[in-house]
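Observations on chain architecture
These are the residues of each chain, in order.
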Amino acid sequence: ESISPRALVLPFVMMKIQAGDFLTALDIMRRQRVDMNLLVDLDPISFLEKGGAEQFIGQIQNINNINLFLSSLIDVDTTLWKYPVPSWIRTEQVTPAAPSQITEGLSKVNKVCIKVREVMLSAEKDGVTASGKIVKEGHFLLPTLSTFAKENPPKLEEALTLIKNSAQGEHSKQSKRKSILLSEHVQSSIQYLAFLADYELIFNTAIGMYDFDLAKAVARHSQMDPKVYLPMLKRWRELPEDTARYEVDVKLKRYESALRHLVAAGQVAEELAIEDHFEKCLKFIKEHGLHKLGLELFKDDKTNRRSIMVSLGEHLLLERKPEEALAIFLAANPRHLDGGKRASRSCGDWRAYFACCAEDGDTVDDGTITAIAESISSKVCNMREQRDNYASAASILLDYGEDVAYAIDMFVSAHLWSEGRRIAHLHERIDLVKKVVDGSVSYARTCIEDLAERASTFVKTIERYAEVIVIRRDAIREAEEAGILDTHHDDSASMFSMQSTASNTSLRSTASGSSVGSVGSVGSVASVSTVISVGATSTFSFTGEVDLLKHNSKFNNLGKKKKKKKPRKKGSAARRTKPGSEEELKELVTALGHGCPDEHYVAVISETVTFLLQSDKLSMATLLFESYKELSEAVAQSQSARLARDKEEKEEREKRERKEGRIDDFVEHPCEKDINAIICKPLQGCVQST
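Residues numbered from 1 in each chain as written. Predicted model: local features only at pLDDT ≥ 70, side-chain atom pairs only at ≥ 80, totals over all residues. Heavy atoms only, no water.

Points about the packing of helix H22 (residues 350–360) against helix H24 (residues 383–401)
- Following both chains from N to C, one finds H22 and H24 inclined at 20°, their axes separated by 11 Å at the closest point. Classified by the angle their axes make, H22 and H24 are roughly parallel. Seen from above, H22 lies across H24 with right-handed handedness. For the pair formed by H22 and H24, the contact residues are Trp 350, Arg 351 and Phe 354 on the first element and Ser 392, Ser 395, Ile 396 and Tyr 400 on the second. (Axes fitted to C-alpha atoms, helices over the stretch in contact; angles between N-to-C directions. Helix = DSSP H or I, 4+ residues; strand = E, 2+ residues; numbered from the N terminus. Parallel < 35°, antiparallel > 145°, perpendicular 65-115°, else oblique. Left-handed = near helix turned anticlockwise from the far one by under 90°. Contact = heavy atoms within 4.5 Å.)

Pasting the structure below:
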């Protein structure tokens, strides 16, 4: 008896591989159950590019050992985790490959399979291996099948082709009455391939090659029911070639190939019902969404191409893509106007809708025109887009409905005073001119109230913001001192600064070294009690698990009925924001951002002031102008006053810190730059000069 310690086996095997003695190495690895990936992983460049694979095939005479090696391949370098190579073995002769060299382009398994297959096929073609061993054609059939099945994805079609070609080479040895695919050689090869892959997958691959004799040979030794596959294969043999291939592709869910064969079957078949055949193709296109391929296959048939485009447009409408559907309907030749009208109504393109109606000779009734205008004007969007929608609705009412009064209402709603006045004068409607002027006056009053409310709200909000931002700065500073990274969502510091912003500083000063020495001082006692009340919770209790041993009695609390807890408040009370928290700061920042009118609102105010001046409404124009000016001044004064106070507090803090002998960097919240930059945009230059 003898033993083979793994610590001695592995270095010995590595030395044999390094020396090119694959026969000895493989024999030891097989007996000692060493992972055969080591044959490649020790020096992959040498095995793949410097003749290692040729030496391996030339030395290994047992076909089963080659199959064992191929079946054990995995896409992992075993020298990195399983079999580390000792430094005294990895000499200059061994060229270690980086993982990228092994898997570049192809995986390790695919590279090794391709290389070994090339070597075996080349040896069969030459009749001799690299070591001088004479081999016959088909000698490496099973290992070659292993290389096809081991690749990812498996190349089963190439493997079946190889089996069929090898069977044709032995055709002269077989009886003429017996099919070559039913020979013992072919059946054993198929059985071996089935050992590497599933029978059903091999059968589907065989019928996917449209070789029904080969599929019958594959199914012969499988668990498939002959009553199922024999009639199916017989039927496909009797069908025309393209029709049979179409049914095979449908079974294998290769729908693009199935459509190609279906179209080809209609082209070669001498049928009178050509239209019925196209309907079958169109139905198949609709079911599987093959419109692009259908347009390519019917590019020379104008009528059928248009039908496919119409089908594509309907498909896009069902998928709620009306813009794309509209483009497809109008790109058809001739145009599909009915689909274009439905798609344009769905996507809100009223220009395309009325163009399709005019081209189709369809008159639109007044009710439809009004409904379209109202649907466009009622879309929910921002102020700028809403204004454009009202203008579009007014154009529809004027151009197609000739409803001047309703169009003027749309212009008034859009605050397009000059355009509304122009249209009213164009149709000689003085009453509508007055309506436009009255609308501008009413809008000016609304703006005056809104601007005044914005000014008061901004002043109150900026004052609260000045208090909260100090609390949040202290929270960030304390979190940084405690080593907490996420400082923006820590609301604990707001408890310290609710009554006064100087409480944090007093807490630090009472805990400083000067106050520790005074044992009986009031300051030291206050600081300790403050810390306890804020950061500590008592865990001491006079009752515990002993209460479980007591009986329920009226003389102890256990005998009393427990009071029902009050239900939690719902609504605004439950969602109340914690004062001084990060959430409150976010709400204040949002409110301040909406405090100043945006660019579009400022432009509308400028146009309204100009129109009021042109309409002899000087007093209202002046009020509107002054209201905006007051808002602008209130924002500027509030901002400057807050920044001045902030600067003073910063200087006082720096002085206090210098006295205490420490200098801390000034903490700034991320939102401060945006808030400091808030300012009202100026009105248009013509309004300012007027």
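Some details on a negative patch on the surface
- There is a patch of like negative charges on the surface, built from Glu 648, Glu 649, Glu 651, Glu 652 and Glu 654.
- Looking at the secondary structure, you find Glu 649 in helix H33 (residues 618–659). (Patch = residues over 30% accessible without salt bridge, like charges linked within 9 Å, V, L, I, M, F, W, Y side chains within 5 Å. Areas by Shrake-Rupley, 256 points an atom, 1.4 Å probe, with all protein chains shown as cover. Salt bridge = Lys/Arg side-chain N within 4 Å of Asp/Glu carboxyl O. Lys, Arg positive; Asp, Glu negative; His and termini not counted. Charge placed at Lys NZ, Arg CZ, Asp CG, Glu CD.)

A word on the nonpolar core
- Residues Phe 354, Ile 396, Ile 408, Tyr 465, Ile 605 and Leu 624 are the most contacted members of the largest nonpolar core, which totals 65 residues.
- The element that contributes the greatest number of residues to this core is helix H27 (residues 430–482), accounting for 17 residues.
- Excluding its chain neighbours within four sequence positions, the residues that come into contact with Ile 605 are Leu 451, Leu 624, Tyr 628 and Leu 683.
- By size, the runner-up hydrophobic cluster in this structure holds 39 residues, among which are Leu 10, Ile 66, Leu 73 and Cys 113. (Core = buried A, V, L, I, M, F, W, Y, C linked by side-chain atoms within 4.5 Å. Buried < 20%, exposed > 50% of the residue type's maximum accessible area, 1.4 Å probe, protein only.)

Quick look at a nonpolar patch on the surface
- A cluster of nonpolar residues, Ile 74, Val 76, Leu 80 and Trp 81, forms a patch on the protein surface that exposes about 400 Å² of accessible area.
- Structurally, Ile 74 can be placed in the loop between helix H6 (63–71) and helix H7 (99–103).

Quick notes on the pattern of salt bridges
- Scanning the entire structure with this criterion turns up 32 salt bridges.
- Across the pair Arg 245 and Glu 241 runs a salt bridge whose closest N-O atoms are separated by 3.0 Å. Of this pair, Arg 245 and Glu 241 are both found in helix H15 (residues 241–251), four residues apart, which corresponds to roughly one turn of the helix.
- According to the relative accessible area criterion, Glu 241 is exposed, its value standing at 52%.
- The residue Arg 335 makes a salt bridge to Glu 359 at a minimum N-O spacing of 3.5 Å. A residue pair is termed long-range when its members are at least 10 positions apart, and Arg 335 in the loop between helix H20 (322–331) and helix H21 (337–347) and Glu 359 in helix H22 qualify at 24 residues.
- Bridged by salt links that share partners, the residues Asp 27, Arg 30 and Arg 31 form one connected network.

As for unusual backbone geometry
- Note that the residue after Asn 152, namely Pro 153, is joined by a cis bond; omega there is 0°.
- Of note, Pro 153 is situated in the loop between helix H9 (141–150) and helix H10 (156–169).
- A cis geometry characterises the amide bond from Asn 333 onward to Pro 334, with omega recorded as 0°.
- Following the sequence through the fold, Pro 334 ends up in the loop between H20 and H21.
- We note that Glu 402 has phi near 55°; this positive angle belongs to a residue other than glycine.
- Turning to its location among the elements, Glu 402 is positioned in the loop between H24 and helix H25 (404–413).
- Of note in this structure, Glu 428 is not a glycine but carries a positive phi near 55°.
- Position of Glu 428 relative to the elements: it lies in the loop between helix H26 (417–426) and H27.
- Given the relative accessible area of 68%, Glu 428 is considered exposed.

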